[in-house]
Amino acid sequence: MRAWDVPLLDPEIGAALAALGDGAREPLTPENLAARQERDAATRPRPTVRDLRADGRFEVDELSVPGAPGDPDVTLVSARPAGIAGPLPLLYYMHGGGMITGNAWSVLPRLLREWALPLGLAVISVEYRLAPRTRYPGPVEDCYAGFVWAAEHAARLGVDADRIAIGGKSAGGGLAAALALLTRDRGGPAPVGQLLMCPMLDDRGTTFSSHQMAGVDTWDRTSGTTAWQALLGDRYGAADLPPYAAPARATDLSGLPPAYIDVGSAETLRDEDVAYADAIWRSGGQAELHVWPGACHGFDTFAPEAALSREARDTRTRWLRRILARTAYAAPGPSSSR
């Protein structure tokens, strides 16, 4: 691949990555997976409930709710701005980390600062089990069980059951897309929208961008293959893999809540995310797609103060404000053709 065949990085993002050194682009491999998980567990922030309450600015609770039949309970971290009366809209959120790292607590300071306070909404972050210790369908079933519980206990949580959006970033974005499919097909509670930030959707690694950005992006084809193999085990590459494992496998995207999808132009996941938005449109659904020029995977994490990162955050916030102002999305019942 010639250098001019790879999209140029935004200058601010490129400078931020250069300052981080080669480690920012170290691929995930089967050989270093265990070490990466240990390093993440040791270094990723894990604020306590007391930390998250921020001297009384937020009401925060850890909840243990029933998992899927035969599965362990699921931990939900519920947070909301303190002192706001009445039921609040809710963002039900799934953290990133390639299905193999991350936790429900570390994402909450950002979610509370960027969305809960300015929009006056509640947030629930779900602690789903990680691969390879727990393979598909364990993680998505954790997310589904927690979502159903939250919708059914909306009054207890002080949230509006008719204004619940789901969302996530990277692996969490893929889980949010899978959760939207599950709620549609099982007739579960219907979210009003799905916020999919650089979602991890396709296990096959056959898109042009997955080859174009190999060895270049912060999350490249090698990393993706390793993560999908960790999640799917012997089912990796199976022709009959369900769309709840890899939403890009879905052949019918009708009847889903409106979607917000964003991704970088210099990103491995670019083409699968663009294709997913197109498939929603072709199914008659609503999708708002943003391809951020010169952005790599996780650009707003690596370069949070870059102009492009600020614009992306503002655009997501505007979509979330708009979608939560609507009444509950009336999704049609599941089709027998699925």
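Caption draft 1: Summary view of the pairing of strand S8 (residues 287-292). Inspection of the sheet shows strand S7 (residues 259-264) paired to S8 by six bridges, in the parallel sense. Paired with Tyr-260 across the bridge in S8 is Glu-288. Following the chain from S7 across helix H10 (residues 270-282) to the adjacent parallel S8, one finds a crossover that is right-handed.

Caption draft 2: Looking closely at the packing of helix H4 (residues 108-119) against helix H12 (residues 307-324). H12 packs onto H4 with a crossing angle of 35° between their chain directions and a minimal axis gap of 11 Å. In terms of crossing hand, the pair formed by H4 and H12 is right-handed. Across the interface between the two elements, Glu-114, Trp-115 and Leu-119 of H4 pack against Arg-313, Arg-316, Thr-317, Leu-320 and Arg-321 of H12. Split into classes, the residues belonging to the contact of H4 with H12 amount to three nonpolar, one polar and four charged.

Caption draft 3: Focus on the sheet that holds strand S3 (residues 88-94). Taken in spatial order, the eight strands of this open sheet run S1-S2-S4-S3-S5-S6-S7-S8, and their pairing is mixed. Both edges of this open sheet fall to strand S1 (58-65) and S8, since each of them pairs with a single strand only. Each adjacent strand pair in this sheet contributes to an overall mean axis angle of 20°, direction not counted. In the packing of H10 onto the sheet, contacts are made with strand S6 (193-197), S7 and S8, and the angle to S7 comes to roughly 155°.

Conventions we followed
- Residues numbered from 1 in each chain as written.
- Predicted model: local features only at pLDDT ≥ 70, side-chain atom pairs only at ≥ 80, totals over all residues.
- Heavy atoms only, no water.
- Pairing = 2+ DSSP bridges.
- Helix = DSSP H or I, 4+ residues; strand = E, 2+ residues; numbered from the N terminus.
- Right-handed = clockwise from strand over helix to strand, strands pointing away.
- Axes fitted to C-alpha atoms, helices over the stretch in contact; angles between N-to-C directions.
- Left-handed = near helix turned anticlockwise from the far one by under 90°.
- Contact = heavy atoms within 4.5 Å.
- Nonpolar A, V, L, I, M, F, W, Y, C, P; charged D, E, K, R; others polar.

No statement about biological role is implied by the geometric values presented.
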